[in-house]
Each structure stands twice: as structure tokens, then as C-alpha cells.
Amino acid sequence: MRVRPSRSLALVALVAAVSLPATRLGAQAGLTHVDDAQPLAPGVLRFRLLNAWARFDQRVGANGTTQPLGAAFTSDSLGPRQLGFLSSLEGTLSTVTGSPFRLSLGGIHTDANARVVTTPLVFDYGVSRRLSVGFVLPVVETRVTVSAHPLGGGNVGLNPATTGSASASVNAALLTQFSTASTQLAQALASCANSTTPSCIALNARRSAAQAFLADAATYQSALGAIYSSTSPALLVPRAGSAAQTLINNRIGSYSTSFRDYLVSASEPITARPAAAARDVGLADLQAVLGASALDTLRSSDRIGIGDLEFSARYLLVDGFVARRDSNPSSSALQYRVMLTGVARLGTGVHPSDSSLFDLGVATGQGAVEGRVAADVRFAGRLAATVAAQYAHPVGSQSLSRIPSFGGLPFAVSRPGAIAATLGDVLALQVTPRWFFSDYLSINGAYGLQRIAGTRYEPVVTNNPLADPALCPQFTICGPLAAATAPSMVSQQAGIGLSYTTLGRRSLFTGLPMELTFLHLETLSASGAGTPRGTRDQVELRIFYRVRGR
């Protein structure tokens, strides 16, 4: 004789057998987490333990095409177009060389892949036949593995004066000679103002030209000092033998010739030349450049922590399911139910770092209110389905020091400032058909469509220049303008899975009612810069336990 569990527990478990478990696409990493319409009997506690592994190594780039995740830091010529903070140095080097200069650290190839492991602990409790309350405690681990390979071929390298005293002495001698020559010419112009000596007559005849030259030399000396100063030298300088270094040496020689001409000197007043970089930028050099700019180094990221806590209330609006102990998936009656859910999410998790080139936080880090509706339908025979929708509206904003990349290039917004970031609304739709092989085993399908509106960035100080004007054609924020909005992200996922329950009509087991589900999901399509493409696997265990009542 087969032993049957209690009537109330059997009804609860049978309800579980006709619904696909919640498809938490990405958990709190930005994908859907719409639930089904499964109600709970009064006094019944449902515990859900879900473990999900989401992986991706591709995302949508600025041009709308799918790119490797590392493409954000892969380039034939890495420079200010990818790292906006280098634009000021590029401008100074243009002044020093005397011609337009495009700074390049050389080529770089970066491989990256991301993994998000989500383990939410979900508790739901039946208050009445139609009302239940819930709580979600998400534990999230994120890991981004980064491997960067500089390819060389740049026109700048690490300034040797930052690490070697000999190079610093050479640069100091150059600036001293330049300053001495300027001082001597200024003194000569002052002493010859009312003099009729032969040397002064020649200088006074070209006084206007000499004064203009002296002003130009002061500007050039200031630019040289910004790069080759012994106290605060630039981190990067032109490489030895490069066209830029040749232009600098020739231009310094030209200034020296002019000084000698105006001073009627027999010797060159400026003989020193600046120390050039000895090699291409390697990985260690690149890390030094990034670190000096207040950005994190180009490295892997690994986080684990508690995500955004959720509190919910669920109300069974329509209940057309047949609640009989002997009901089974092969029943010919059409049955349906509709569940409404309200959710309050607290921004307790850590959002992605705004100073890291590759990072995933463990949550959104911002509170939100959500509304969900789910409808379960069981058709004639062994076919059932759930159709669910979710709308989430974030509350409040996050405080950032930079605008993260949303154009496919890392940190194009170069200068830091106080910024308030408001996440966009989330709209999601999920369809989950299920076909029963038996009373306890079924195959599940899953389809999800999601749109996340772009994050809005507002500067706290409106006159703070948030972006390099040279990058204005590429981005939606320029100079001191007030705000920027990231593109919306739209994605579709589909998958297949299996469910097993211990409480079908012909159950082989006794004990606690439970259901075990496995699901595999693949990204079908994605649009909007930054939208990831990847896979997700999840295993979910549902256990039902009567706390009170019969």
C-alpha cells in the first residue's frame, strides 16, 4: 500500500507541479526575475533555494554589433580616444612638437569574460488563501577575468625621468639652459632700451621681433616644463627615435639658434635635449598610467556579498484551478489563475565600481518598487504554461565620481566630478510552457524579453566639465552640459529545462513536498551598448512546510 502525505501538503505540491519556477535571468545582475502564479495555503511556508550561473564574454558595442567583452580595451592605437584623461597630454605634446600630435600607447588586445553566481534564499508564507508575503536574501558572487596583451608600436613610452635620476638631471639641464637664455635676452632688451652701442643698435632694430620671440619662447618653455619638469614630470614622453622626438629636438635647436642670433653669442645657449622613452609601453607601464589617473588597474575583479534585499506581498486575484487531491496533469479541464505581486527592493548591495575598467557589482545598489502579474494556465492533456510580466521603477539615485562607459569605450569621460546616477525602469515579459511526461516529471520551455531604460547621469555641480570636448561627436554629453543618458538595453532569452516533483498523483516518495528544477538559457538577441550576451544555468529546489493549521 502506498503512503500518501497529508491533504494540505499534497494540494500545495500539486500546485507547484504545474508552474515553471521563477526564471531569475541574471538574478540581480540586470535580468528578469518574474515569478509564477503559484499560491500558498494559509500557514504554509515555501522555501526556495536557487543557484544560478550566468556567463558571458560578449556584449553589444557602441556601433550596435556584438563584440567580445574585452573589445572595450582592445585597440590598434590606444590613446585619448579610449582614455580621455590623456587628451591634455596629447595637446601639450602638440605644442612641444610644433605640429598636430596623436598620442598612442600602441596596440593592445584584451580578453575578458564574466561570471555571475546568484544564490537567493527565498521565503514565502501563506497568510490567507489568497494572500502571502515573501522575503529574498540574495548572495551574489561576480567575477570578471581579464587578460591584457600590449602589442607595441606606440609613439610614447614611460618617462625615464620618473624612475631615473640621470634622465631627470638631463631634463633639468634643458629647462635651466632655456630659462637662462630667456633671462639673458630679457636683460639685453632692457639694458639696450636707451643704448646706442653697436650691439644694442642691432638688437633695437629688431626689438619688436625679439619681444615676440621672447613671449613665444616663454610659452614653449612652459609646455616643456609641463612634460619634463623634475618635480612633476609627465608619465609619458615620446619614444627615442620617433618622429615626435625628432621634432622636439629640432624645435629646441631652432630656439637655441634664435637665442644665439639675438644675443650675438658665439656658442649655442641650449645644448641639452630631453630624455626620451627607451621602450614601448608594456603591461606594467600601462598599469602605472591607469593608476596615476585615479583609475583602477587593468585587472580581474572578484566580488561576493549580499545583494539588494526584497520584501513582497502576493495576492491571488483569480483562481480557476481545480483544487482536488486526485487532480492530475492529464485532466481535460482548462484551468487558470492570476497572481498580483508588489515588491519593495532595498539598495543594500554594492554597485559596480566607477573607477574600475572591468567590474561587476553584486547588485544594483539602488532601491526600487516593482509590480508583477503572472497567469498560470493548464490546458487539456499534459500542457501548461505561465505568462508573467514585471515593471520596476528605481527610487533615489547613486553617488558616483565618474560616468562609467556606456559607449563601448572605457572611461571616455575623463575628468572626475560629483555625479548622481539614476537607474532606468525595467520592463520584462516571460512565457514558460511545460509538457508533463508523468505526474512527477516534465520538460519546460522558457522565453524572456526585457528592456532596461538607460541610466541617467546628472552632475551635482552644473559648471563642472564632465567630458573632453574633443569626444563630443561620439557621446551624448559634452563639456559642461548638464546630463547624459546611457542607451537602453533590450535582450531576449530562451531555454529549456526539466522539473521533478515528489508529489504527483502517483508519487513514489513520502516526506516533505518538494520540487527540483533545472533550466538552461541562451541569449537570442541583444541591443543597446553594454548589453551582455551569454548563457545561464540554474537549479532550484522548492520545499513546502506547514507551520500552522491542518
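Every value quoted in this text rests on a predicted model; they were computed, and no experiment measured them. (Residues numbered from 1 in each chain as written. Predicted model: local features only at pLDDT ≥ 70, side-chain atom pairs only at ≥ 80, totals over all residues. Heavy atoms only, no water.)

**Some remarks on the packing of helix H3 (residues 165–191) against helix H5 (residues 207–228)**
Here is the rule we go by: Orientation is described by axes fitted as lines to C-alpha atoms, over the contacting stretch for helices, and by angles from 0 to 180 degrees between their N-to-C directions. By the criteria applied, helices consist of DSSP H or I runs no shorter than four residues and strands consist of E runs no shorter than two, each listed in order from the N terminus. Each angle is binned into one of four classes, with values under 35 degrees roughly parallel, values over 145 roughly antiparallel, values of 65 to 115 roughly perpendicular, and all other values oblique. Left-handed describes a crossing whose near helix is turned anticlockwise from the far helix by less than a right angle; the clockwise case is right-handed. In what follows, residue pairs with any heavy atoms lying within 4.5 Å of each other are defined as contacts. Three categories are distinguished: nonpolar for Ala, Val, Leu, Ile, Met, Phe, Trp, Tyr, Cys and Pro, charged for Asp, Glu, Lys and Arg, and polar for the others, with Gly belonging to the last.
Taken N-terminus to C-terminus, the directions of H3 and H5 make an angle of 160 degrees; their axes are 10 Å apart at the nearest point. On the basis of the axis angle, H3 is roughly antiparallel to H5. Where H3 crosses over H5, the handedness of that crossing is left-handed. In contact with Asn 171, Leu 175, Phe 178, Ser 179, Ser 182, Leu 185, Ala 186 and Leu 189 of H3, H5 contributes Arg 207, Ala 210, Gln 211, Phe 213, Leu 214, Ala 217, Tyr 220, Gln 221, Leu 224, Gly 225 and Tyr 228. Looking at the contact of H3 with H5, its residues break down into 12 nonpolar, six polar and one charged.

**A short note on the state of the cysteines**
Our working rule: We call a pair of cysteine sulfur atoms a disulfide whenever their separation is within 2.5 Å.
If you walk through the whole model with that rule in mind, you get one disulfide. A sulfur-sulfur distance of 2.0 Å marks the disulfide that ties Cys 192 to Cys 200. Judged by the sign of its S-S torsion, about -60 degrees, the cystine formed by Cys 192 and Cys 200 is left-handed.

**Topic: the pattern of salt bridges**
What counts, and what does not: Counted as salt bridges are all cases of a side-chain nitrogen of Lys or Arg within 4 Å of a carboxyl oxygen of Asp or Glu. Here's how the labels work: a residue is buried when its accessible area is under 20% of the maximum for its type, exposed when over 50%, partly exposed in between, all with a 1.4 Å probe on protein chains only.
In this structure the tally under the stated criterion is 19 salt bridges. Two residues, Glu 540 and Arg 48, come together in a salt bridge whose shortest N-O distance is 2.6 Å. Highlighted residues: Glu 540 in strand E22 (residues 532–546) and Arg 48 in strand E3 (residues 44–60), separated in sequence by 492 residues. Classification of Glu 540 as buried rests on a relative accessible area of 1%.

**Notes on the confidence of the model for the protein**
Put simply, the rule reads: How sure the predictor is of each residue is captured by pLDDT, a score from 0 to 100.
Taken as a whole, the protein shows an average pLDDT of 80; of its residues, 81% reach a score of 70 or greater. Per-element confidence in the protein ranges from a low mean pLDDT of 26 for strand E1 (residues 23–24) to a high of 94 for strand E10 (residues 310–319). Within the model, the stretch residues 1–33 combines pLDDT values under 50 with 122 contacts to residues more than four positions away or in other chains. Below pLDDT 50 for its whole length, residues 462–481 participates in 47 contacts with residues either more than four positions away or in separate chains.

**Observations concerning the environment of Gly 225**
Its place among the elements puts Gly 225 in helix H5. Sequence separation between Gly 225 and Asn 171 is 54 residues; the distance between their C-alpha atoms is 9.0 Å.

**Focus on the environment of Ala 215**
Of note, Ala 215 is situated in helix H5. Here Ala 215 falls in the partly exposed class, since its relative accessible area comes to 45%. Put simply, Ala 215 and Ser 182 are 33 residues apart on the chain and 9.3 Å apart in space, counted from C-alpha to C-alpha.

**Structural notes on the side chain of Ser 491**
Formally: Pairing of N or O atoms within 3.5 Å defines a polar contact, subject to two protein rules: one partner must be a possible hydrogen donor and the other a possible acceptor, and residues neighboring in sequence count only if both atoms are side-chain atoms.
Here Ser 491 lies in strand E20 (residues 489–501). According to the relative accessible area criterion, Ser 491 is buried, its value standing at 3%. Within polar-contact distance, the side chain of Ser 491 engages the side chain of Gln 493 at 2.9 Å.

**So, the nonpolar core**
Here is the rule: To define a nonpolar core, start from buried Ala, Val, Leu, Ile, Met, Phe, Trp, Tyr and Cys residues and group those joined through side-chain atoms within 4.5 Å.
Phe 73, Leu 105, Phe 259, Leu 286 and Leu 298 are the most contacted members of the largest nonpolar core, which has 57 residues in total. It is H5 that provides the largest number of residues to this core, a total of nine residues.

**Structural notes on helix H6 (residues 243–263)**
In an α-helix, one turn spans 3.6 residues, which is why side chains three or four residues apart end up on the same side. Our working definition: Expected helix span is taken as 1.5 Å per residue step, with the number of steps being one fewer than the number of residues.
For H6, spanning 21 residues, the distance from its first C-alpha to its last is 30 Å, which sits close to the expected 30 Å at 1.5 Å a residue. Those residues of H6 that are buried lie in contact with helix H2 (87–97), H3, helix H4 (198–205), H5 and strand E8 (236–238). Positive backbone phi, at 50 degrees, marks Val 264, one or two positions downstream of H6.

**Some thoughts on the pairing of strand E11 (residues 335–345)**
Threshold: A pair of strands is considered paired only if DSSP assigns at least 2 bridges between the two.
Alignment of E10 against E11, held across nine bridges, turns out to be antiparallel. Following the sheet pairing, Arg 314 is matched in E11 by Thr 341. As paired elements, E11 and strand E12 (residues 368–378) share 11 bridges and run antiparallel to each other. Looking across to E12, one finds that Val 338 is bridged to Ala 375.

**Topic: the side chain of Gln 538**
Inspection of the secondary structure puts Gln 538 in strand E22. There is a polar contact of 3.1 Å between the side chain of Gln 538 and the side chain of Arg 536.

**Looking at the packing of aromatic side chains**
We count it as follows: The rule is short: rings of Phe, Tyr and Trp, with Trp giving its six-membered ring, pair when the centres are within 6.5 Å, and they are stacked under 30 degrees, edge-to-face over 60, tilted in between.
Under the criterion given, the structure shown has 10 aromatic pairs. Ring centres of Phe 178 and Phe 259 lie 5.7 Å apart, and the angle between their planes is 90 degrees; on these two criteria the pair is classed as edge-to-face. With a gap of 81 residues between them, Phe 178 in helix H3 and Phe 259 in helix H6 connect regions that are remote in the sequence. For Phe 178, a relative accessible area of 0% translates into the label buried. Ring geometry for Tyr 440 versus Tyr 500: centroids 5.6 Å apart, planes at 75 degrees, classification edge-to-face. With a gap of 60 residues between them, Tyr 440 in the loop between strand E16 (426–436) and strand E17 (441–452) and Tyr 500 in strand E20 connect regions that are remote in the sequence.

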